[in-house]
Amino acid sequence: MIWYLFLATALAASSMVGKQWLISLRREPGRIAIVLVWCMVYRRIQVFNTMLLQGGTAEENCYKVGFQNYSNFYRLYKKHMGISPSQLKKETKTSFRTI
C-alpha cells in the first residue's frame with residue numbers, strides 16, 4: 001500500500017489527476033493502467049509543447065519525446081489539445097507580437 005501512495009503522489013504532482021482519485025482506483029487495476037498511460041501521454045505532450053515553442057519542427061519534436069509515428073501523434077495531439085501543433089505555434093507567435 002505504501003508504494004501505491006508514493007505512486008499516487010508522484011502522478012498527481014506531474015499531471016492534472018488528483019491524488020485522492022488515484023488512491024480510490026487501487027482496487028481496479030485495469031483503470032489504473034489506463035490512467036498511467038494517459039498520464040504518460042499528457043506529460044509527453046507537455047514536453048512536446050515546450051520543445052515546439054523553443055524551436056524545431058513538430059515532426060522532429062514528436063520523435064524526440066518518444067512517439068514512433070507522426071501521423072498517429074498528430075491525431076492524438078489534436079484530440080487532446082483541440083488544435084494542431086502548427087496552430088499552437090502560430091497562436092503563440094501572434095500573442096507575443098500583440099503584447
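Anyway, here's the lowdown on the structure attached to this text. This structure is a prediction, so every number in the text was calculated from the model and none was measured.

Our next topic: the side chain of S84. Structurally, the position occupied by S84 is in the loop between α5 (70–81) and α6 (85–98). Assessed through its relative accessible area of 3%, S84 is described here as buried. Within the local environment of S84, its side chain forms a polar contact with the side chain of S86, the two groups lying 3.1 Å apart.

Scanning the model with the defined rule gives six aromatic pairs in all. Taking the centre distance of 6.2 Å and the plane angle of 40° together, the rings of Y70 and F73 count as tilted. Of this pair, Y70 and F73 both sit in helix α5, three residues apart, which is roughly one turn of that helix. The structure contains a cluster of three or more aromatic residues connected by ring pairs, namely F48, F67, Y70, F73, Y74 and Y77.

Reading guide: rules and limits
Residues numbered from 1 in each chain as written. Predicted model: local features only at pLDDT ≥ 70, side-chain atom pairs only at ≥ 80, totals over all residues. Heavy atoms only, no water. Helix = DSSP H or I, 4+ residues; strand = E, 2+ residues; numbered from the N terminus. Buried < 20%, exposed > 50% of the residue type's maximum accessible area, 1.4 Å probe, protein only. Polar contact = N/O pair within 3.5 Å; in protein donor to acceptor, adjacent residues only side chain to side chain. Phe/Tyr/Trp six-rings, centres within 6.5 Å; stacked < 30°, edge-to-face > 60°.

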